[in-house]
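The lines below spell out each chain.
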Number of protein chains: 2
Amino acid sequence: MSDSIKYVLDESRIPKVWYNLAADLPKPLPPALHPGTQKPLGPDDLAPLFPMALIMQEVSTEREIEIPEPVRDIYRQWRPSPLYRARRLEKVLDTPAKIYYKYEGVSPAGSHKPNTAVAQAFYNQQEGVKKLATETGAGQWGSALAFAGALFGIEVQVFMVRVSYDQKPYRRALMETYGARCIPSPSNETQSGRAILAKNPNHLGSLGIAISEAVEVAAQHDDTKYALGSVLNHVLLHQTVVGQEAMAQMEMAGDYPDVIVGCTGGGSNFAGIVFPFLGTQLRGGRKVRIVAIEPAACPSLTRGQYAYDFGDTAHLTPLAKMHTLGSTFTPPGFHAGGLRYHGMAPLVSHIKELGLIEARAYHQISCFEAGVQFARAEGILPAPEANHAVRGAIDEALKCKQEGKSRTILFNLCGHGHFDMQAYIDYFDGKLKDIEYDEAELAMALAGLPSVKAA
Amino acid sequence: MSDSIKYVLDESRIPKVWYNLAADLPKPLPPALHPGTQKPLGPDDLAPLFPMALIMQEVSTEREIEIPEPVRDIYRQWRPSPLYRARRLEKVLDTPAKIYYKYEGVSPAGSHKPNTAVAQAFYNQQEGVKKLATETGAGQWGSALAFAGALFGIEVQVFMVRVSYDQKPYRRALMETYGARCIPSPSNETQSGRAILAKNPNHLGSLGIAISEAVEVAAQHDDTKYALGSVLNHVLLHQTVVGQEAMAQMEMAGDYPDVIVGCTGGGSNFAGIVFPFLGTQLRGGRKVRIVAIEPAACPSLTRGQYAYDFGDTAHLTPLAKMHTLGSTFTPPGFHAGGLRYHGMAPLVSHIKELGLIEARAYHQISCFEAGVQFARAEGILPAPEANHAVRGAIDEALKCKQEGKSRTILFNLCGHGHFDMQAYIDYFDGKLKDIEYDEAELAMALAGLPSVKAA
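The residue numbers shown here count from 1 along each chain, following its written sequence. Whichever chain is written first is A, and whichever ligand is written first is 1; the rest continue in order. It should be noted that, the model being predicted, local features are given only for residues of pLDDT at least 70 and side-chain atom pairs only at 80 or more, the latter also being counted only at that level, while totals for whole chains, interfaces and linings use all residues. Excluded from the side-chain calculations are hydrogens and water; all other atoms, namely the structure's heavy atoms, are used.

Trainee: I tried to follow a nonpolar patch on the surface on my own but got confused; where do I start?
Mentor: Judged by side-chain polarity, A:Met52, A:Met56 and A:Val59 come together as a nonpolar surface patch covering roughly 250 Å² of accessible area. Along the polypeptide, A:Val59 turns up in helix H2 (residues 52–59). Like charges within 9 Å and nonpolar side chains (Val, Leu, Ile, Met, Phe, Trp, Tyr) within 5 Å are joined into patches, using only residues over 30% in relative accessible area that form no salt bridge. Method for areas: the Shrake-Rupley scheme with a 1.4 Å probe, in which residue coverage is limited to the protein chains shown. Basic side-chain nitrogens of Lys or Arg form a salt bridge, by our definition, when they fall within 4 Å of a carboxyl oxygen of Asp or Glu. Elements are defined by DSSP. Helices are runs of H or I of four residues or more, strands are runs of E of two residues or more, and each kind is numbered from the N terminus.

What follows is the structure in C-alpha cells.
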C-alpha cells in the first residue's frame, strides 16, 4: 500500500500539560527589560497588558504547566490534529526519504493559532477581562482570537495591517462573522496610529505598527487587555501541544524524525512542533536536526542582529533580546503576511544562538512551487506561510535522493491557504515576484537599535 | 461539562460498503428513459458517458456495494469525519433539544463531494479513462473532482457556471491548483455553448447548460468520460458513508435522531446522511422524521412537478423521473450556487412521493442569520448551502423549546464556507436580498416538460 497514511490519536491523548522549554535550556533566556529603566521586567510591569496567569507562564521555568480543563474541552473540537506520512508526495519526488507532516489547518480558524488564542481568552475571562485588543497581519491570528473571544464572551478588537485589510476582505469577513471588530492599521483610533497617518495618510501599515495600536488601547482601558499571537514565551508554550502530539504519532508510526522543518515568522508554530523534541534531546534523548525556514524578504534569523529591541514601532513594548531587523524596518509586501515581522521570538533566537537549530531563508516563488506540488500530491492547499516549511521539507527530501540516503523528515503544516487564494492566482499568472528588502533601510533600522547596557 | 462534544470513530470504522437504498424501497424507482425511444435505458446507452462499473452501480438493487480498497485508502485522509453534539449552540438557543451535526468540511476540498469524486475517478482510471469533463456551480464539486483527478492522474475539465466563475475566482484558483482546467460556461468549446452564446453573448450560465457542455465533450471523445457530482443513483450511493458513520457515532453518543435535517440541491449530501437511517426504518427499524431544506428561489421539491425531465438544458441527457422546475428554468442568482438546479435526484424525489420525507423551502437571509449564529457558537463557518440545513435544524430546536420537548436533531453540515465569504460580506452589508423566482418563467418551463407516455 503506497497511499499516504494518517496517524490519529484518541482524544484522551490531547496533552494534559504544555511543555516549557525554559526548564531544559542549557543557559537561561536573557530577561525582558523595562524600556525606561533597562532593568529586568517584573510581573507588575506587564499587568496592564496581560492577565497574571499568563504573566506567570511568561517567566515560569517549570517544565510542565497544566492545561486547564475548559481549554482542553475546546481543544477537543479539532485536537489531536492528524499527522500524515506524505507517501503520495514521496512518490512524486521519487525520494528515499520518509516525509511526515503535522496538520494544524483542521482548527476552526484554519491554523495552529487557536491553540494559544483559546488559552489566552480563557485566562483573560478568568480574570474578568471584557475586551481584548490585538493585531494581525495575514489574519490567521486575528481570526483565531475572534473565534476564541466568541466562545468566552470576550469582545475582540483587531488592528489589521492595512495592506492585508485591503487585500484580504475575506479573512476580515471571517473575523467579523465570529463577531470581532476589525480596524485597518494605522488607524485614527490611537495616538500611535494618528502620528503615522499624519506623516503618511496612505501608509500600508506593518505588524510593528499594529502592535503599537493594540498595546495602546489595552494600556488605556481597565477592562481591556492585549493579546499577542506569537513571539512571547507563553504563546510558544501553548503551541507545544503540536509537538507533543507529533511525538506520540511518530511513535505510532514506529519512527523518529532525523530532521524537523518549520517556517518562522514570530516563531510560534515552529516552537510548537520543535520544542518537545528539542527538550527530549536536551534531557539526553535522541538528537534531531532542526531547520527554521524564513522568508528571504524578512530574514530576522539569518540577517538580523541578536540584540535587545522593541517589539513594536512606537516603542510601547518591553525590550526583548532577539534576532531583529530593527523595529523600524518595514518588510516589503510579499505574500506570507504572517512572516512579516522584524523580530524573532526570544526563545527561538536563544536556541539559534546556542547552535541548537539552523536557519535558511527562501524567496516566495520557490515556496509557491512547493505548495502547488504538495497540493496536487496530498490534496491540502497550504497557506503561503506554510509553503516555506513545505519547500524546506521537499529540499531535505531531494537532498536524500541525491545522497541516496533515507532520512525521516517531519514538518509542521501550520495552516491552510483558503483565504490566500489571490497569492496562488498571482503565482499562476506569473505576477508573483521574488522581492528583496531594501539593504539601506535594513542598515538604518539596525543602526537605530536601542543601546542597552545589559546586552 | 457543557462544552460541545466530538464523536470520533477509529479509522477501521470507515464503512467497507456503500449502502444502496434501492434494495429496501417499498416500490421500485421509475427507470431512466432513453430520450429518443422513451424506453428504459440500458447500460450500453450510458457507456459513452460513464465507466461500466458506475453504470452497474446506477442500476444495482444490491443492498451493499463494496468500497474498493484504494478508495478507502484515500477516504482515510479525512474519514471518518467527526460528528459533534452542538452543546454551545444548544445553550445559545436555550433549547431542550439535543443537536448533533456531521461535519463533512474536513475533506481536502471542503465538502462531502470528494466521497464520490474519489470513487468516480478510481473507476474511470480502472477503465483507462484519461480525462473527465464535468460542470460545477458554486465550485464544491469541481474542486472535489479536480482533487480526485490529481490523485489518479486523470485530466479534469470543469465547465463552471459563468456567474460563479466571475464571482468566485478563488474557488476557480483552487481547482487550478489541483491541476484542473476551468472554463466559464456557456463557452465556445461546445456546440451547446456556442448556440447559447449566439443568442446571448453575456449569458450568465446555469448548471443545466454546463452539464450539456460537459456531456457533449465526453460524448465526442473516446478517452473522455463525464462525471456528475449529484442527482444520479451512484453518486448518492457513494455519499452513504456519511450516514453510516453518523449511525455509529450516534450509537457512541447513546442516542438516536428523532429528526434528520439536510439541505437539498441535487440531493447527494441529503441522501448521504439520510439513506442509511431510512433504510433501517424501511427494514422495520426505528422510524425517523426526515426534513429536506431547499432554497425558496429554486424549490424543486416543494414547487416542482414530479415528472420525467431532462437533466440538462440542451437535452443531451436521458430522461429521469424527478421533482423538476423544468429544464429550461433558470434559477435566480442567490448565494447557494450548489442548490441552483432545476431537478431533484430521482431517488430523493421518489421517497418524497412515497411520503417518507418532508420538504421545506427557505429564503437565503434567514439561512445566513442561522449560519452566523452557528459560527459564533460552534466556530465553524458553514457554506451557504449548508446554512439551509443549519436554519432547518435551529428551527426544529426552537420548536422543541416552544413545545417544551426534548428531541434529538441530526443534521449534515456538508461543507465550510471559506470560498463563499463574499456572500457573508453581502449579508453583513445588508446587500443580501431574498430573491423570488419568476412565476411566469416557472409556468413556462413546466409547460415545456417533455411528454412521456411511460410517465
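Anyway, onward from the coordinates.
Trainee: Looking at this structure, how should I read the packing of helix H5 (residues 114–126) of chain B against helix H6 (residues 140–152) of chain B?
Mentor: To describe two helices that pack against each other, one gives the angle between their axes and the distance between the axes. Residue and element names in this part refer to chain B. Convention adopted: a line fitted to C-alpha atoms gives each axis, helices being fitted over their contacting stretch, and angles between N-to-C directions are expressed from 0 to 180 degrees. At their nearest, the axes of H5 and H6 sit 8 Å apart, and the two run at 40 degrees to each other. Considering their axes alone, H5 and H6 lie oblique with respect to each other. As for the relative orientation of H5 and H6, their crossing is right-handed in sense. In contact with Pro114, Thr116, Ala117, Val118, Gln120, Ala121, Phe122 and Gln125 of H5, H6 contributes Trp141, Ala144, Leu145, Phe147, Ala148 and Phe152. Across the contact of H5 with H6, the residue classes break down as 11 nonpolar, three polar and no charged. Here the word oblique covers every angle except those under 35 degrees (roughly parallel), over 145 (roughly antiparallel) and from 65 to 115 (roughly perpendicular). If you view the pair so one helix is near and one far, a crossing is left-handed when the near helix is turned anticlockwise from the far one by less than a right angle, and right-handed when it is turned clockwise. In this description, contact between two residues means that some pair of their heavy atoms is separated by no more than 4.5 Å. Three classes are used: nonpolar for Ala, Val, Leu, Ile, Met, Phe, Trp, Tyr, Cys and Pro, charged for Asp, Glu, Lys and Arg, and polar for all others, with Gly counted as polar.

Trainee: So what exactly am I meant to see when it comes to the relation of the copies chain B and chain A here?
Mentor: To go from the first copy of the chain to the second, apply a rotation about an axis and then a shift along the same axis. Superposing chain B onto chain A takes a rotation of 180 degrees combined with a translation of 0.0 Å along the rotation axis, leaving an RMSD of 0.0 Å. Classification of the inter-copy transformation places it as that of a two-fold axis. Measuring from the rotation axis to each C-alpha of chain B, the shortest distance belongs to B:His418, at 3.1 Å. Looking at the interface residues of chain B, 100% of them are also at the interface in chain A, so both copies use one shared face. C-alpha atoms of residues with pLDDT of at least 70 in both copies form the basis for the least-squares superposition of the copies.

Trainee: Looking at this structure, I do not really get the sheet that holds strand S7 (residues 155–161) of chain B. What am I missing?
Mentor: Within a sheet, adjacent strands bond to each other through the backbone by hydrogen bonds, running parallel or antiparallel. Residue and element names in this part refer to chain B. Across the sheet, which stays open at both edges, the four strands sit in the order S8-S7-S6-S9 with parallel pairing between neighbours. Here the strands that pair on one side only, and so sit at the sheet edges, are strand S8 (181–185) and strand S9 (224–226). Shown here is a sheet whose adjacent strand axes are inclined to one another by a mean of 25 degrees, direction ignored. One requirement defines pairing of two strands: DSSP has to find at least two bridges between them. In this sheet, S8 lies alongside S7 in parallel orientation, the contact comprising five bridges. Within S8, the position partnered with methionine 160 by the bridge is proline 184. Each of strand S6 (131–136) and S7 touches H6; the most contacted strand, S6, lies at about 160 degrees to it. Packed onto the sheet, helix H10 (residues 207–220) meets S6, S7, S8 and S9 and runs at close to 170 degrees relative to S6.

Trainee: How should the environment of A:Gly430 be read in this particular structure?
Mentor: With respect to the helices, strands and loops of the structure, A:Gly430 is situated in the loop between helix H17 (421–428) and helix H18 (439–447). The exposure class of A:Gly430 is partly exposed, given its relative accessible area of 47%. For every residue, the accessible area (1.4 Å probe, protein chains only) is compared with the maximum for its type, and the residue is labelled buried under 20%, exposed over 50%, or partly exposed between those bounds.

Geometric values such as these leave the question of function open.
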